[in-house]
Amino acid sequence: MILHRYFARRFAVTFLSVLGGFLLLMLLIDLVEQLRRFGGDAGFAEVLQLSLLNLPDGLYGILPLIMVLATIAMFLGLARSSEMVVTRAAGRSALRALVAPIIVTLLIGAVAVAVFNPLVAATSKEFEARETALRAGNPSVLAVSSGGLWLRQGSDTSQTVIRASKSNLDGTELLDVTFLTFTPEGGPTRRIEATSATLSPGAWTLTDAKVWPLDRTRVAEQWATTHAELRVPSTLTADQIRDSFGTPSSIPIWELPAFIDRLEVAGFSATRHAVWLQMELALPAFLLAMVLIGAGFTMRHQRGGRTGVMVLTAVLLCFALFFLRNFAQILGENGQINPILAAWAPPLAAIGAAMGLLLHLEDG
């Protein structure tokens, strides 16, 4: 147990050291970038706050890189000090020496998913809001895209497609808006065009609206009606619309399952969010794969100039695994493979390959 505690403490200290180095480096780089973008519109204190809000998202994205660099640094240090040689001479295999770093890695991954993920979601939303306010000067209206904004709300009896040319920041106020209502079988029943629409609890409030009944037995224009103000029932909420505009990473993982259910009930596609949820749950396994790959190439005593080659090989393999994971994520988001397979297959396959390498090097 003393040896396990030593390796666990050594790995944790190395990880925190690498994390601290990247934290300072990324903060300085982002501070320079934010000063370049907003130095003329905001003071240094506001720009520093922007950089601090953007920092958690950047660190979370490179957490696998930090993990593999910490692993390489630790085991290179142990190899150069001959501590691994002494450990083997004492009758403890290198695989048993990996138990403590593996446990620490899984704990770091669990904390990252359970605690750091919600923190990143909160800071990312605040960063986007402040950035938009500084960039546009007036964040109340935002052009979503050249083709406009598309939403869909639904119930058991009908589905409504909503198109707007512009929206405010959280999607609760739409301009130049069109509502198309369909039956569950897919036939259109009503069309509404309005100057604006504002979302209130349970309904959209439309101004200067014109309604066309889409019934084959009647001429739509002849039976059209105009309304200075019209309320249209809605199943959408402000949080649901706002979160659907952003990436799944802007939603805390604890809220993601319920949000996916709400999306599916409202008629939205939740595939992207389901894949992201599984990717987050698989993060501890992915970090473990990084540690095993790094350990496989640096645990043995290095001689001559092989150290640099081994380190480079480990880093390149970890980058290859990272890109493979991103490729699997894209396939999952496009519906080509199951979300669980997209998230879990790359790290589990890498863990198996790394364990095979370690067993081969240690036991032949």
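For the structure itself, consult the block above.
Draft legend 1. Structural context of the overall build of the chain. Along the backbone of the chain there are twelve helices and six strands. Among the 364 residues that make up the chain, the fraction classed as buried is 41%. Taking the intrachain contacts of the chain between residues at least 6 apart in sequence as the baseline, contacts between residues at least 24 apart amount to 63%.

Draft legend 2. Expanded view of a nonpolar patch on the surface. On the surface, V99, I103 and L107 cluster together into a nonpolar patch covering about 260 Å² of accessible area. Looking at where I103 falls in the secondary structure, it is placed in helix α6 (residues 99-136).

Draft legend 3. The arrangement of the layout of surface pockets in detail. Of the volumes computed, that of the second largest pocket is approximately 360 Å³. Lining the second largest pocket are 19 residues; nearest its centre among them are Y60, G61, S249, W276 and E280. Contributing elements (two or more residues each) for the lining of the second largest pocket: α2 (44-61), α3 (63-80), α6, α9 (271-281) and α11 (306-333). Ranked by the residues each element gives to the lining of the second largest pocket, the list is headed by α11, at five residues. Among the residues forming the lining of the second largest pocket, the class breakdown is eight nonpolar, six polar and five charged.

Draft legend 4. Quick peek at α3. Helix length check: α3, at 18 residues, gives a terminal C-alpha distance of 26 Å against a target of 26 Å (1.5 Å per residue), a fit within 8%. Among the 18 residues of α3, 13 are classified as buried, and the element is accordingly described as predominantly covered. S82 occupies a position one or two residues after α3 and carries a positive phi of about 65 degrees.

Draft legend 5. A look at the packing of helix α1 (residues 2-38) against α3. Contact geometry of α1 with α3 gives a least axis separation of 9 Å together with a crossing angle of 130 degrees. Considered as vectors, α1 and α3 are oriented oblique to each other. Relative to α3, α1 is oriented so that their crossing is right-handed. Two secondary-structure elements touch here, α1 through Y6, F7, R10, F11, T14, F15, V18, L19 and F22 and α3 through L63, L65, I66, M67, L69, A70, T71, A73, M74, G77 and L78. In the contact of α1 with α3, the residues fall into 16 nonpolar, three polar and one charged.

Draft legend 6. Quick look at the sheet that holds strand β2 (residues 159-167). One open sheet holds the six strands; their spatial order is β1-β2-β3-β4-β5-β6, and the pairing between them is antiparallel. In this open sheet, the two strands that pair with only one neighbour each are β1 (149-154) and β6 (225-233). Neighbouring strand axes in the sheet, compared pairwise and without regard to direction, differ in orientation by 30 degrees on average. Note that strand β3 (residues 173-182) and strand β4 (residues 188-200) share nine bridges and pair antiparallel. Across the sheet, the residue bridging to T178 is E193, located in β4.

Draft legend 7. Summary view of the side chain of T71. For T71, the location among the structural elements is in helix α3. In terms of polar contacts, T71 uses its side chain to reach the backbone carbonyl oxygen of M67, at 2.9 Å.

Draft legend 8. Broad picture of the packing of aromatic side chains. The final tally for this structure, using the stated rule, is five aromatic pairs. Aromatic pair Y60 and F116: ring centres 5.6 Å apart, planes at 65 degrees, arrangement edge-to-face. With a gap of 56 residues between them, Y60 in helix α2 and F116 in helix α6 connect regions that are remote in the sequence. What makes Y60 buried here is its relative accessible area of 11%. Using a relative accessible area of 22% as the deciding quantity, one classes F116 as partly exposed. Taking 6.4 Å as the distance between ring centres and 45 degrees as the angle between the ring planes, the aromatic pair formed by F286 and F322 counts as tilted. Taken together, the residues span a long stretch of sequence, with F286 in helix α10 (residues 283-298) and F322 in helix α11 at a distance of 36 residues.

Draft legend 9. Layout of α10. Here α10 spans 23 Å end to end across 16 residues, near enough to the 22 Å set by a 1.5 Å rise per residue. Most of α10 is tucked away, with 16 of its 16 residues classed as buried.

Draft legend 10. Representation of the packing of α10 against α11. Contact pair α10 / α11: the axes reach a minimum separation of 8 Å and the direction vectors enclose 160 degrees. It follows that α10 is roughly antiparallel to α11 by the angle criterion. As α10 packs across α11, the resulting crossing turns out to be right-handed. Facing L283, F286, A289, M290, I293, G294, F297 and T298 of α10, the residues of α11 in contact are M310, V311, T313, A314, L317, C318, L321, F322 and R325. In terms of residue class, the contact of α10 with α11 is made up of 13 nonpolar, three polar and one charged.

Conventions used here
Residues numbered from 1 in each chain as written. Predicted model: local features only at pLDDT ≥ 70, side-chain atom pairs only at ≥ 80, totals over all residues. Heavy atoms only, no water. Helix = DSSP H or I, 4+ residues; strand = E, 2+ residues; numbered from the N terminus. Buried < 20%, exposed > 50% of the residue type's maximum accessible area, 1.4 Å probe, protein only. Contact = heavy atoms within 4.5 Å. Patch = residues over 30% accessible without salt bridge, like charges linked within 9 Å, V, L, I, M, F, W, Y side chains within 5 Å. Areas by Shrake-Rupley, 256 points an atom, 1.4 Å probe, with all protein chains shown as cover. Salt bridge = Lys/Arg side-chain N within 4 Å of Asp/Glu carboxyl O. 1 Å grid on protein atoms, 1.4 Å probe; cavity = no way out; pocket = protein on both sides within 12 Å on 5 of 7 lines; lining within 4 Å. Points joined across faces, edges and corners; volume = space filled by probe spheres on them. Nonpolar A, V, L, I, M, F, W, Y, C, P; charged D, E, K, R; others polar. Expected span 1.5 Å × (residues − 1). Axes fitted to C-alpha atoms, helices over the stretch in contact; angles between N-to-C directions. Parallel < 35°, antiparallel > 145°, perpendicular 65-115°, else oblique. Left-handed = near helix turned anticlockwise from the far one by under 90°. Pairing = 2+ DSSP bridges. Polar contact = N/O pair within 3.5 Å; in protein donor to acceptor, adjacent residues only side chain to side chain. Phe/Tyr/Trp six-rings, centres within 6.5 Å; stacked < 30°, edge-to-face > 60°.

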